[in-house]
Amino acid sequence: MDDKGSVGKISVSSDSVSTLNSEDFVLVSRLGDETPSSTNNGSDDEKTGLKVISEEGVSFKIVGNGSEQQLQKELEDVLMEPSLADARPGALVGAGDLGLPPTTASLVAPGTDPLSAPPHKVAMLLPVQTAQESELNERSYRGDESSSDGSPGSPIPDDDSVVFSQLTYLGCASVNAPRSEVEALRMMSILRGQCQLPLDVTLSVPGVSEGTVRLLDPNNSTEIANYPIYKILFCVRGHDGMPESDCFAFTESHYNAEIFRIHVFRCQIQEAVSRILYSFATAFRRSAKKAALACQQSAPLTPDSDLFIFTVSLEIKEDDGKGTFSAVAKDKDKQSFKLRAGMDKKIVIYVQQTSNKELAIERCFGLLLSPGKNVKNSDMHLLDLESMGKSSDGKSYIITGSWTPSTPQFQAVNEETPKDKFMYMTTAVDLVITEVEEPVRFLLETRVRVCSPNDRLFWPFSKRSHTETFYLKLRHMERKERKSPSSDTLYEVVSLESETEREKRKTTASPGILPGGPGSMVPSPPEDDEEEDNDEPLLSGSGDVSKECAEKILETWGDLLSKWHMNLCVRPRQLPALVRSGIPEALRGEVWQLLSGCHNNDHQVEEYRTLITKESPQDSAITRDINRTFPAHDYFKDTGGDGQDSLYKICKAYSVYDEEIGYCQGQSFLAAVLLLHMPEEQAFSVLVKIMFDYGLRDLFKQNFEDLHCKFFQLERLMQEYIPDLYNHFLNVGLEAHMYASQWFLTLFTAKFPLYMVFHIIDLLLCEGISVIFNVALALLKTSKDDLIQTDFEGALKFFRVPVPKRYRSEENAKKLMELACSMKISQKKLKKFEKEYHTIREQQEQQEAPIERYERENRRLQEANMRLEQENDDLAHELVSSKIALRKDLDNICSQLSERLEKQQAANRGELEKIRAKVEGCDKCSNLFNKEGRVRAAVSAAPPGGGEETDEEKEDLKNQLREMELELAQTKLQLVEAECKIQDLEHHLGLALNEVQAAKKTWFNRTLSSIKTVTGTQGKETT
């Protein structure tokens, strides 16, 4: 790790600092337990909650279908893939406002010791130190280590860790929302203001996700406390301009994630906060295995410090006719981009440095394109640059340019190529690097195939970019050699070589090595469909599904869809026959929504957008499963990518939507299949339909009672259709739940190739969940000859490895689905087998001892009681909250009415005073009123000639008096209305309290108490 380069990167880019402020970094996978063991391979899920499916305490109870442990072990295998675990030992998810908790398995690989390598630590102070200061600090730190080796309190250093000094530990506190930035900042402010005895510490942050954050005594480097990286949930820093801007904090799970604590630190050097959070981000992202592998690979390629390695990726985007540009697909077999003639295109180049000190890319001053390969510089044509700059994570430099195919220079790549032919295209990008004297040109040669512009454009979830590795060798220039002694240039280019050129040179230089064909010029990624026989199971999400389809089939489907849209309530007659042949991949998204009845689901789309904002109680299980879902598929393999983010949202939304079942293991595979064909809102709607309307959720209810019934039905169908295989399974003791649990719970989506999976979902949505029996019987029938020759262990292994791999071939998968569709399994027969199963269950229950039956029933009722009590508590909490809100509203209404009444009374008094003053000031009027302001009974005499004037004044006074009386009446009326509202609110409050009291005295409590009484009485009689 080049610390100076990293610090420079942070200090220059404010985006990376702000990103660290807003994102929570969460470790999502490990390889073992907290205590590594070489004998514990892949058993982490047994310790982290795989005993239950919905995390609501649902346990397995198997009657007549094997033991509980066997079904648990089979269900674990849905997500436990050893090859995947080895390949992805640790990852970082930046979830923004979505907190993803960590798993509880270990990152230390079995049989390895992360502390066996020689320690290497870098003492770090900001501002950036010079090379001499860094060397002195490192020497002094190693001297401290060597002097303290014998002390028992000396910490064991992590590999590649970074040490920060001049820190103050302000303390820790418990938090309820460990991934809430608001709560973290609030606790940071409280601890910073209330800390009376701060502790000076040194913080050691590991460079890999398997390491441990350590607090050290700055005087003698003795370890004070340590926190494994996998337990740290969230990192945050104080906002700029606030008193907490020099502070940072992290939250960690304590005592098996039952308690969450936040630890707050203050930096004497404020700039160090960004560097510390960058170190945490590095620790979350990096794995020791990957780091060691990268070192092993790069060691022979970097004999000196002047070799810089870059990866450059090319992506081509095409106008999709909707105002946007979509990435074009890449043929996996021929490694060629599939372009359409006459369509406007964009070229996107991603440049990322992967080794040595980071070089700063200043700008791109040229993006060039030319048909053919090995082209001259003069034949390259400049494209219009649209944008350039760093990616949001700061890792890559992205250049985008527009390409108009109608330009005469590009005519060769705008004409259709024969079906089995392809051509080459060369792309070049010229970059200005601050530290390099001259521009650097990266040249990419790739295959392309131009097809008709009438070909339909589909979502390219299987898209692949063309990536090439370049080795740039630089020579450090002396100051006198530079054009300007004050310039930033440090290097001159010695050579630039691509990985392809290296391989070609090695092949040419080594006569013993057979030269490759023309395809050897293009680097090929590892194939997913390699045919070698090994014991590794097929990764979920394997296999490509071609979107090409015969025009006649598309026309048939087009006519059918046109008729169907006229009357969506009735399915066309020819629909089942067409579905049995398979829905064209291009139309699957639309047809699946029509088959499931989700064509008009605006209300559910709005509900989905609300659900994803809520917290899920099964967040940890969802996070743990996301990385293991379709790891072989490009759309889902990137941690924190769009695919995993959408998949997380769907699983989380369903867990909140269906509180009874919640998130079920294996559910993510079905959601992933839907996401490959439609946006996440529609995918959620179809998932809800499959779970509820197609009966998938029933398999998880009532201790998996319906699932065991399905196992019984499958065995009875085997007895009828494949009796010899059924008898063989009876002899070896192999039961249906041992191999078929994944088939039913995941609808074959977990282990089988995508071509076969998509066809099964076609049939499921058209004909119902009973299709699973057809596919299962077809699988067993085609594998019968192999299975009969196996024993118990061999059969289980055969189901796990060879069976899914057999259908990587599209031809084999088609034959299997044809056989499945040809098998006629009547619903009447399935109903008959279901009745047999329930009859056997009743007989088994009757044979049970009464006490055992009552105890089981008692446990079930207790679980239901606990759930109802929880609901009661929630209702009580909601009632109290409503009561407080009503009281606040009532107080506000009363205060407003009182203020209005007082203001009105004061205004009336003022008016009366004015009238009284006018009356008293008038000689004529003063004789008409007494001192209280009332009209006198009789007037002795009136002045001559003033009768008319007196009458007018009296009339005016009477009118004013009427108006005042009217205003007073209105004020009193408003007061009465307010009192009525208060009475209504108090009445509603009383009714709510009565309902809560009545809920506590339900029939359930009376039934439970009576059962307890009966159980206690029988227990006494038995004793």
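Residues numbered from 1 in each chain as written. Predicted model: local features only at pLDDT ≥ 70, side-chain atom pairs only at ≥ 80, totals over all residues. Heavy atoms only, no water.

A. Looking closely at empty space enclosed by the protein. In total, this model carries 7 cavities of 30 Å³ or more according to the counting rule given. In this structure, the second largest cavity occupies an estimated 80 Å³ of space. Along its surface, the second largest cavity is lined by Lys883, Leu886, Arg887, Leu890, Leu985, Glu986 and Leu989. Listing elements by their share of the lining of the second largest cavity, those giving two or more residues are α29 (850–921) and α31 (947–999). Top element by residues in the lining of the second largest cavity is α29. It accounts for 4 residues. Here the lining of the second largest cavity is composed, by residue class, of 4 nonpolar, no polar and 3 charged. (1 Å grid on protein atoms, 1.4 Å probe; cavity = no way out; pocket = protein on both sides within 12 Å on 5 of 7 lines; lining within 4 Å. Points joined across faces, edges and corners; volume = space filled by probe spheres on them. Helix = DSSP H or I, 4+ residues; strand = E, 2+ residues; numbered from the N terminus. Nonpolar A, V, L, I, M, F, W, Y, C, P; charged D, E, K, R; others polar.)

B. Broad picture of the pattern of salt bridges. Overall, the coordinates contain 32 salt bridges when judged by the stated rule. The partner of Arg588 in a salt bridge is Asp762, and the shortest N-O contact between them spans 2.8 Å. Of this pair, Arg588 sits in helix α13 (residues 588–596) while Asp762 sits in helix α22 (residues 754–767); the two residues are 174 residues apart in sequence, bridging distant segments of the chain. A salt bridge links Asp658 to Arg697; the shortest N-O distance between them is 2.8 Å. Taken as a pair, Asp658 in the loop between α16 (642–657) and α17 (667–675) and Arg697 in the loop between α18 (680–692) and α19 (705–721) lie far apart in primary sequence, 39 residues in all. The same class applies to Asp658 as to Arg697, namely buried. Here the salt bridges do not stand alone but share partners, grouping Glu318, Arg340 and Lys345 into one network. (Salt bridge = Lys/Arg side-chain N within 4 Å of Asp/Glu carboxyl O. Buried < 20%, exposed > 50% of the residue type's maximum accessible area, 1.4 Å probe, protein only.)

C. Structural context of the sheet that holds strand β16 (residues 361–371). Within the open sheet, the 6 strands sit side by side as β13-β14-β21-β20-β16-β17. Their pairing is mixed. Of all strands in the sheet, those with a lone pairing partner are β13 (330–331) and β17 (381–382), marking the two edges. Of the strand pairs in this sheet, strand β20 (residues 423–433) and strand β21 (residues 440–451) are connected by 9 bridges, and their pairing is antiparallel. In the sheet register, Thr427 faces β21, and the bridge partner there is Leu444. (Pairing = 2+ DSSP bridges.)

D. Inspection of the nonpolar core at higher detail. Membership of the largest hydrophobic core comes to 111 residues, with the highest contact counts inside it found for Tyr739, Trp743, Met756 and Leu780. Looking at this core, the element that brings in the most residues is α22, giving 11 residues. Look past the residues within four positions of Leu780 in its chain and what remains in contact with it is Met718, Ile722, Leu725, Phe729, Tyr739, Trp743, Leu787 and Phe799. One finds Val312, Ile347, Leu369 and Leu431 within the second-largest nonpolar core, a separate group that totals 36 residues. (Core = buried A, V, L, I, M, F, W, Y, C linked by side-chain atoms within 4.5 Å. Contact = heavy atoms within 4.5 Å.)

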